[in-house]
Amino acid sequence: MRDCIAIILGGGAGSRLFPLTLLRSKPAVPLAGKYRLIDVPVSNCINSNINKIFVLTQFNSASLNRHLAHTYRFDNYRRGFVTVMAAEQTQRSANWFQGTADAVRQSIPHVSIYRQKYVLILSGDQLYSMDYQKMIETHVQNEAAVTVATIPVTAEEASGLGILKTNQDDQITEFYEKPKDLTGKTSLVTDEMKAEGREYLASMGIYVFNSKLLFEALDMYPNDHDFGKQIIPRAIQKAKVMSYSFNGYWSDIGTIRSYYEASLMLTEPQPGFNIYNPNMRLYTNARMLGPAKMSGTNLTDSLISEGSMVGESTITRSVIGIRSFIGNHTQIQDSVILGADYYPWHSLETRERVEGPQQPGVGDHTYIEGAIIDKNVKIGNRCIIRNKEGVQEHDGENFFIRDGIVVIPKNVTIPDETVI
């Protein structure tokens, strides 16, 4: 689609996803064993024939930049690109991005040199599948200035999202950013949604703007730094802002709990997010790894990524990432193992990466339940990793507990017979 440019927001420091964001930005967090979160919006763009894509970053962006550079290379005939733009000091601004809108504002000099009539604003840390062309077509048919993708949510979810109300023509009349009081903020939804308690219409953080209006608004109100808090509410008062209803699977990966639940959802027989849809492919770096090898493994409802080697162990409802090595007589249940950047038999002299333990992987006779094991972690023999006491938050030596989930950070070594 030649008249549309996509801008993917890399987000802030990602403190709620710590320690997965200790050494990487939110969009660079691994997903489903072999992908990264950034692959979701970029793949949606490619599947929607939107080939001019900017990714705005400023925190821990090195691994994200490397991944994008290795993965997305368009040919000369498509004339597309995925370009990373980090916060930079200029004559107009000496500050880092002050918010979502300010990030776009500071990027206008780079974006405006390309042909565009519409600007698609996306988040880099969500899991969903959407054909953006249909949203843009609806935007054009409605003669809208702004279109906001929306989804019904429960009261529990509503307080952490932008909640809006519409009239009978789907025009947005009210917008509340992360409201504490939900009184009078329900919307008309289907009986099915009402039965599920999803009576609040939430913004998905996906916007289509007429580029002229967007650039003028960002220039006219230089202190408006956020789309949800300032730009969208102001636009509602002055222009036609429409709702685009989305009823598929959508998860905002903002916390360790949401990341954990979205990851395990993918192991279900019929997951909400279809990672195998040939019409909406999920693209990533083609690493050319060998197939996974399992020797006497007892496997149930799990994803095993390529390059992995699993011994005579039991794995239940878990995600096993690339190049994972799991020994014998080990049990892994309801857990996410992110894998490794190198094989455990690679010496320091032959492997590309020098950081991390010599032999990453999980040893023999070890038990792991309800945990997230980051990349390049070595877990020894006869270890137990399980939040038996149900602790919600804790900082330990070489491990953290967030939202009741044990998280082992990247490049850590857990000695033999450790109990967490």
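To start, this report covers the structure provided alongside it. Predicted, not measured: the structure shown is a model, and the values here were computed from it. (Residues numbered from 1 in each chain as written. Predicted model: local features only at pLDDT ≥ 70, side-chain atom pairs only at ≥ 80, totals over all residues. Heavy atoms only, no water.)

The strand order across the open sheet formed by seven strands is β16-β19-β22-β25-β30-β29-β28, and the pairing between neighbours is mixed. In this open sheet, the two edge strands, each paired with only one partner strand, are β16 (303-304) and β28 (394-396). Two strands pair when backbone bridges link them, and β16 and strand β19 (residues 319-320) are joined in this way by two bridges, in the parallel orientation. Across the sheet, residue L303 finds its bridge partner in β19, namely V319. (Pairing = 2+ DSSP bridges. Helix = DSSP H or I, 4+ residues; strand = E, 2+ residues; numbered from the N terminus.)

A full pass over the atoms with the stated rule returns four cavities of 30 Å³ or more. Estimates place the volume of the largest cavity at around 80 Å³. If you trace the largest cavity, you find 13 residues lining it, with S324, I337, G339, G361 and V377 closest to the centre. Secondary-structure elements contributing two or more residues to the lining of the largest cavity are β20 (325-326) and β23 (361-362). By volume, the second largest cavity amounts to about 50 Å³. Looking at the second largest cavity, the residues that line it are V40, S43, N44, N47, Y128, S129, F273, M280, R281 and L282. Taken together, the residues of the lining of the second largest cavity sort by class into five nonpolar, four polar and one charged. (1 Å grid on protein atoms, 1.4 Å probe; cavity = no way out; pocket = protein on both sides within 12 Å on 5 of 7 lines; lining within 4 Å. Points joined across faces, edges and corners; volume = space filled by probe spheres on them. Nonpolar A, V, L, I, M, F, W, Y, C, P; charged D, E, K, R; others polar.)

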